[in-house]
Amino acid sequence: MTDVIARPPDLVPASPPAPAAESLAERLLRTQAPQRPQSAPAIRLEVDGRVVEGREGQTILEVCRDNGIEIPTLCYEPKLPGFGACRMCVVDVEGEEHPPISCSRAAEAGMVVRTQTEEVRRLRRTNLELIFSDHNAYCLPPCQNKCPSHIDIPGFLKANAEGEFRESARIFKRTIPFPSILGRVCPAPCEEHCRRDEVDEAIAIRDSHRYAGDQVIREMVERDVDPPLPFELQPPTGKRVAVVGSGPAGASAAYYLLIAGHDVTILERDEAPGGMLRYGIPEYRLPKARVLEPEYESITRLGGRFECGRELGRDFSLDDLQNQGYDAVVLAIGCYDTNKLGIPNEDAEGVIDGLEYLKIATLGHTYPGHAGTRVVVIGGGFTAMDCVRTSVRQGAAEVTLVYRRDMKDMPAASEVHEAIEEGVTTIFQAGPTRVLVDEATGRVTGVEFIRMQLGAPDASGRRRPEPAPGTEFVLECDRVLLAIGQGPDLSWIGPGNEGAQATKQRRLRADAVTFETGRAGVFGTGDVRNGAQTVVQAIADGRRAAYAVDAYVRGLDLGAIRTRQTLAEPQPEFLSIVPFTSEVKESRHRLSSLPAEERRSTYVEYEIPYSRSEAVAEGTRCLQCTCEAIGYCDLRRLGIEYGTTLRTLEPRLNRGAGYRSVTENRFTGYNHDYLRDDSHAFILREPSRCIDCGRCANVCAEVVGAACYDFMRIGFDTLVTTPLDMSLNDTPCVSCGRCAETCPTGALMPKPRILEKYEVDESRCILCGICVDACPYDALRCGPDFELAHTSREEPMIDLIAIAAVDRETEMTYVRRERDWAPRALAAGRDIGPRMLPVLPASLAGPGGGNGHAAAHATGDNGHAAAGDAGGHAPHD
Amino acid sequence: MTTILPSPASGPRPLLGDVPAAGGPAPTDLAAAVAGGAFAALRTVVGDLGPTGTLVTIAASGLRGRGGGGFPAGDKWRAVASADDPVRYVVANGYEADPAQATGRLLMETRPFAVVEGAAIAALAVGAREAIVAVRAEYADAVRALEAAAFAAEEAGYLGRDVLRSGRDVAVTIRTVQGAYMLGEETVLLKALEGRRGQPEQRPPHPSERGLFGHPTLVHNVATLAAVPWVVVHGADAFRAIGDPDAPGTMLVQVSGAVAAPGIAEVPTGTTLRTLVDLAGGVAPGRTFKAVLVGGPTGGFLPAELLDTPYTFAALRDAGAHVGSGAVVVADTTTCLVDLARLLVRFSADEACGKTIPCRIGLRRLAEIGQRYADGTARPTDPQLLVDLADDCAASALCDHERLAPSPLRTAMRYFGPEIDDHVLRGTCPAGVCGPVRLAAAAGRQGGPR
Ligand SMILES: Cc1cc2nc3c(=O)[nH]c(=O)nc-3n(C[C@H](O)[C@H](O)[C@H](O)COP(=O)(O)OP(=O)(O)OC[C@H]3O[C@@H](n4cnc5c(N)ncnc54)[C@H](O)[C@@H]3O)c2cc1C
Ligand SMILES: Cc1cc2nc3c(=O)[nH]c(=O)nc-3n(C[C@H](O)[C@H](O)[C@H](O)COP(=O)(O)O)c2cc1C
Ligand code: SF4
Ligand code: SF4
Ligand code: SF4
Ligand code: SF4
Ligand code: FES
């Protein structure tokens, strides 16, 4: 502000006569004149139906914040007057044509304000959508976005790159308990979206977690080292959960329920646990004894019990389970009802259910009479691929795969080439019309097919195949394996199992968020709920179901967890505040792992596709596409709250980088792609993430006085940047970090670094106080005795590396938003060890040597918070 | 110089006065001007009316701002006059943002004394000691005329220290400002005068409360102020009797486009658009009328059926256009409105100051929808999206720019739907302007129905 408005004389507090024996501190306090008239008249207004009190001269926003009413803001910087750029703080004021912005609008007595009307929420949503339509940045990397379980891929790759494979597996297990299984059977949708292919080739994400997982198995098998736990094991809750079905969905639900402290029993129909992993996926893709069993052992090691040979509907009912005192039942019984073709002679001898065939084969038995035959496999999914490749391995004379769509539409397309290499003939775009049978023997002699042409795209985006009349042809064969998909077997629904219902698509009806079925205390997850999908999807579903079941047995309101549950899922659009992680978010300490040195010297495993150095090298290739701001980005938080960060534009062939990464919404159009500026030693600039809120420019000019940034250019191309886009290094920047602190997004960030201790040369300090204003963390303050300002650095400087690590994992911020982070962290039982805090010079450290911070913080209040806002600041405004 | 068109009836012309005879005295000739009545109003204000009387007269005259918004001048004057702050300013907005517009320029060049006198009267009335006429730097002639007029008037004691021995000081300064379109917006103009970043400020507080350097400031278009001396001399009732009773007086309108004799006319408010076109000689020979764009780059297209719309703030707003800069452009059948609308919205998007999100990104997205219309690649959801986005931008707008900028597209949709359909559904441009339409449509047809 340029003008100095004289304080009206009647507001100057008459100074009382100084008492005789006044302490030095008191006198100093008194001579610090209040900066604002403390006695502005009170006003009352109505906000959201509640009468609140404020003071004259406050904005609506200030009044609301003082009264604990949250209004979203992006451009508002508390140290400065409202700026009015983001329009997020619009509120409804009765009698106004257009909703005013609360950060700039003075509160008036008697105003009737509503902060959450349909209209203002819509306006905020539109604003966010507009921002995201030009926000050329990833919150989470596209790989993580595309992994159905949203694994922290750059996280575990980074651990791989550092050779910390156990840590890598631990990160993986936060969302999927089985890195080695997935490392073999996952179709790896993540890799299709890896940005590294812009540089050269996508990262081998799947092989990387396979390597890390295999190391864990090795340690467990050879030295009985427990697999790492992703989260702290919770104390027993005494709640009992029955999981029916031991496939990936059931196993994953069991795993996370066990970590949450519940008692879990898994009831399985077959002789051994694993579901499709054991009886569907062949040994050559997933070794049972070497991979499946050891990874499943992580469940038994946590105290989970498998009870095999127990079938729902045959051996027990839901009534039975609930009568036995199970607090919750999770149904994860998969899909075992093979679909029918619906064509003549389908039941002829020689037409075999592919799943049954595979079950025999995976048990290591030869399917009777398969050798030497001509086999036709109908279908295009995993089952079909496994059927053809197993048939080849079992000595079939001729194997033909027929699929009604195009090759690129095959769910298991990646395997086709391997199958062709193994001698399989493939025919695409043909559908069976009838099975030909030898009248005399009743045996199959061939199948008649008809050519398919592609019609309009269906719901899945694939074009629907339609038969082309007159293009019939016949394939002669001895055996037909049907692999055209499965649905769940729900024949057990009925007496004893009332309440459970089937959907129109013949699946188990279960809520997508709470996983509740029609029967109280019974949950459904995995293929039985979704229809046949993939292992990774089943596992993700199982984990999410575990959250819901956990909430249910703890007696939380499932309706209420619906929001939290949605929030819990670490999707790009959702913050990761998973119930499990909230207690253990700082647990990146090493569990009882062997020193890396020792591991390095003991181990080379021949079956493992990567050598250690290859695995490390692959990890190093990762571009770490995550946004550093994740977890404290206001834009992302609001985007989540307003549901505007939904889909991310997928890479399109031959489209410029500008089209690759922005969030897709109704406004998507041209967008900017700016260069990153990392020339500055302390501040990282990523202008593509800038939302032009102007905070950095205003703070830098008006609080710091350096004026390194301003709005450049006009119109859509406006960007808050340095003059002429010069490197920040070349501006008069004083490296105070204020801009990075105020930036609501990841456009300006403190560069990870370790702060050295700073020493003040008192003989040269001119007491200008600029450091006090400029320090982004309020580590300095004007004490009553200003000359000693710098000694108030009993508040620590902050180790930014530690913060970055914390943020990545917890998506929580202590430093940026919460000035009293340290007491809070301590109160939460978090260890602020020496790694977090730099060592202070002995002269400043508290009594008793050491650095004494813990003690200072544990008291919770050392005057710092008071110095922050109230009246203690040096005259500056 | 732009042709001055005849006024419709032989009513008074408070703004332009009588058309000067060729070879007559220069507009900056003080003696000639005084002989023609200049500064008579200032004398009345100093001698009879006093500040309060002047305020009452202006309020009673019903004068409304000519800068586009049409806000009652009396209310603004009273707000500034009753402010607590003793330091106040008057700013005459002579920026004239619309690049195709010259009414203000004509006024400043031909009637500099009216502008200067109006500013001085306003300053006396609201208690300001300084009035600043901010003129677009490119208007070198206007700047010279105003400077000469202000200098001569000060020499003669009409301005400066102790105006007409009233004991009041009024300095009238001429300042040149240079910048983009948005500079015409009042808060931007004020910031430019302060030497700050050219972006609008949130209102309220209005400039009348917190304006130049934080002090109460009366901002008026030069045409608003130029009407003031006439009002004072002839009285509020005489002014009220001219034109539309709700917004009386005359306005400067620049009629251009496919007309026979383009030029600027001073017309009573409420004159119909048809009359305006006729004043400019009607539609040019050999051309066929299609639409009239009223209000400049952020104006609206009105069809032939609406030619009887009176030129008033309210009637134009209801029709989807606005007075804006005072531009009336006739588009004939060789013009593609889809093409023109998208260009205009893109212009507005590119000229936006870039401060607020709905304006910086929203206008661009609107322009992109317009582009899709022109290309024949619009999505089925686009019409609704356009309306929704324009509404949302207007609701959370910081300044009027983003409220008005979608007008060309909105009126094109409202009145010329079939033309848009031709582009979007049939891939043809009736005016034969949009080339890519046919290409895009042909490509689309090959790939089956979109
Ligand atoms: C041949 C084949 C190959 C595949 N290959 C791949 C691949 O390479 N990659 C991939 O990602 N996905 C693959 N899939 C898909 C994947 O296996 C499934 O999506 C996934 O296993 C589903 O997990 P689930 O836990 O929901 O069900 P399942 O794995 O089917 O587990 C269900 C379990 O419940 C048990 N059960 C069923 N009914 C009852 C009952 N009434 N009472 C008690 N227990 C019961 C079953 O015995 C089984 O153990 C393949 C599928 C098949 C069929
Ligand atoms: C984008 C934009 C451009 C404007 N340009 C001008 C202009 O060139 N001249 C002008 O007098 N008013 C312009 N205005 C209107 C001014 O903001 C302001 O309302 C006007 O100067 C007030 O004068 P009045 O009371 O005489 O109408 C513009 C407004 C906007 C939103
Ligand atoms: S700046 Fe915020 S919204 Fe943008 S990518 Fe980073 S975390 Fe996501
Ligand atoms: S589980 Fe699958 S999708 Fe997820 S990271 Fe691994 S390979 Fe990628
Ligand atoms: S480079 Fe790394 S973070 Fe980026 S998409 Fe690929 S695997 Fe994910
Ligand atoms: S860089 Fe500056 S203008 Fe951009 S988002 Fe951050 S604070 Fe706002
Ligand atoms: S406009 Fe109020 S916080 Fe941005």
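Cut-offs applied
Residues numbered from 1 in each chain as written. Chains lettered and ligands numbered in written order. Predicted model: local features only at pLDDT ≥ 70, side-chain atom pairs only at ≥ 80, totals over all residues. Heavy atoms only, no water. Helix = DSSP H or I, 4+ residues; strand = E, 2+ residues; numbered from the N terminus. Buried < 20%, exposed > 50% of the residue type's maximum accessible area, 1.4 Å probe, protein only. Contact = heavy atoms within 4.5 Å. Areas by Shrake-Rupley, 256 points an atom, 1.4 Å probe, with all protein chains shown as cover. Pairing = 2+ DSSP bridges. Axes fitted to C-alpha atoms, helices over the stretch in contact; angles between N-to-C directions. Expected span 1.5 Å × (residues − 1). Polar contact = N/O pair within 3.5 Å; in protein donor to acceptor, adjacent residues only side chain to side chain. Salt bridge = Lys/Arg side-chain N within 4 Å of Asp/Glu carboxyl O. Right-handed = clockwise from strand over helix to strand, strands pointing away. Buried area = accessible area lost by both parts, 1.4 Å probe. Nonpolar A, V, L, I, M, F, W, Y, C, P; charged D, E, K, R; others polar. pLDDT = per-residue confidence, 0-100. Near = heavy atom within 4 Å.

> Can you break down the overall build of chain A residue by residue, with the values?
Counting its regular elements, chain A contains 30 helices and 26 strands. Buried positions account for 54% of the 877 residues belonging to chain A. Partitioning the contacts of chain A with sequence separation of at least 6, the portion at a separation of at least 24 is 67%. On chain A, roughly 38,000 Å² of surface is accessible, and the fraction owed to carbon and sulfur atoms is 52%.

> Any chance you could break down the sheet that holds strand β6 (residues 263-267) of chain A for me, citing the residues and the numbers?
Residues and elements named next belong to chain A. Taking strand neighbours across the sheet as the criterion, the five strands line up as β7-β6-β5-β8-β20 in an open arrangement whose pairing is parallel. Lying at the two open borders of the sheet, with one neighbouring strand each, are β7 (305-307) and β20 (522-524). The sheet shows a mean angle of 20 degrees between the axes of neighbouring strands, taken without regard to direction. Relative to the sheet, helix α10 (residues 248-259) contacts β5 (240-244), β6 and β8 (328-331), its axis offset from that of β6 by approximately 165 degrees.

> A description of helix α8 (residues 222-234) of chain B should follow, citing residues and the corresponding values.
All names here are of chain B. Taking 1.5 Å as the rise per residue, α8 with 13 residues should run 18 Å; its terminal C-alpha atoms sit 19 Å apart, in good agreement. Turning to α8, its buried residues are V222, A223, T224, L225, A226, A227, V228, P229, W230, V231 and V232. Its side-chain oxygen placed 2.7 Å from the backbone nitrogen of A223, N221 serves as the N-cap of α8. G235 occupies a position one or two residues after α8 and carries a positive phi of about 95 degrees.

> Explain the pattern of salt bridges residue by residue, including any values.
Residues and elements named next belong to chain A. According to the stated counting rule, one finds 60 salt bridges over all chains in the structure shown. Among the salt bridges present, the one from R105 reaches E96, with a minimum N-O distance of 2.5 Å. We classify R105 as buried; its relative accessible area is 10%. Judged by its relative accessible area of 30%, E96 is partly exposed. One salt bridge in this structure joins R305 and D263, with 3.0 Å as the shortest N-O distance. Of this pair, R305 sits in strand β7 while D263 sits in strand β6; the two residues are 42 residues apart in sequence, bridging distant segments of the chain.

> Lay out the pairing of strand β12 (residues 398-403) of chain A in plain terms, naming residues and giving numbers.
Residue and element names in this part refer to chain A. Within β12, five of the six residues are buried, which leaves the element mostly enclosed by the surrounding structure. Pairing geometry for strand β11 (residues 374-378) and β12, over five bridges, is parallel. Looking across to β12, one finds that I378 is bridged to V402. Following the chain from β11 across helix α15 (residues 382-393) to the adjacent parallel β12, one finds a crossover that is right-handed. Pairing geometry for β12 and strand β13 (residues 425-428), over four bridges, is parallel. By the bridge assignment for β13, Y403 is matched with F428.

> Requested: an account of the interface of chain B and chain A, with residues and values cited.
With 33 residues of chain B at the interface, the matching set in chain A holds 36 residues. For the pair chain B and chain A, the two sides together bury roughly 3,100 Å², of which 52% comes from carbon and sulfur. Note that D692 of chain A is salt-bridged to R360 of chain B, the shortest N-O span being 3.0 Å. Elements with a minimum of two residues in the side of chain B that touches chain A: α12 (337-351), α13 (357-375) and α14 (382-395) of chain B. Ranked by the residues each element gives to the side of chain B that touches chain A, the list is headed by α13 of chain B, at eight residues. Grouping the constituent residues of the side of chain B that touches chain A by class yields 15 nonpolar, six polar and twelve charged.

> Residues and numbers for the confidence of the model for chain A, please.
When pLDDT is averaged along chain A, the result is 76; 73% of the residues meet or exceed 70. Here residues 564-608 of chain A is a poorly scored stretch, pLDDT under 50, and it has 105 contacts once near neighbours within four places are set aside; other chains count.

> Give me the site of ligand 4: which residues, what numbers.
Residue and element names in this part refer to chain A. In the neighbourhood of ligand 4, 13 residues make up the surrounding shell, with C147, C186, P189, C190 and H209 lying closest. Broken down by secondary-structure element, the contributors of at least two residues to the shell around ligand 4 are α8 (189-192) and α9 (205-223). A total of three residues in the shell around ligand 4 trace back to one element, the largest contributor, which is α9. Classifying every residue of the shell around ligand 4 gives eleven nonpolar, one polar and one charged.

> Tell me about the site of ligand 5, and name the residues and values.
Residues and elements named next belong to chain A. Around ligand 5, 14 residues are found, and the nearest of them are C143, C194, C622, L623 and C625. Per-element accounting of the shell around ligand 5 gives the leading share, three residues, to helix α5 (residues 153-161). In terms of residue class, the shell around ligand 5 is made up of eleven nonpolar, one polar and two charged.

> Explain the sheet that holds strand β3 (residues 171-177) of chain B to me, and be specific about the residues and the numbers.
All names here are of chain B. A sheet is described by the order of its strands in space; here four strands give the open sequence β3-β2-β1-β4, paired in parallel fashion. Each having just a single partner strand, β3 and β4 (217-221) make up the two edges of the open sheet. On average, adjacent strands in this sheet sit at an angle of 20 degrees to one another, irrespective of strand direction. The pairing of strand β1 (residues 89-94) with β4 spans five bridges and is classified as parallel. Residue pairing in the sheet places V91 in a bridge with V219 of β4. Along the sheet, helix α5 (residues 112-126) makes contact with β1, β2 (130-136), β3 and β4, crossing β1 at roughly 150 degrees. Along the sheet, helix α7 (residues 186-194) contacts β1, β2, β3 and β4; its crossing angle with β3, the most-contacted strand, is approximately 95 degrees.

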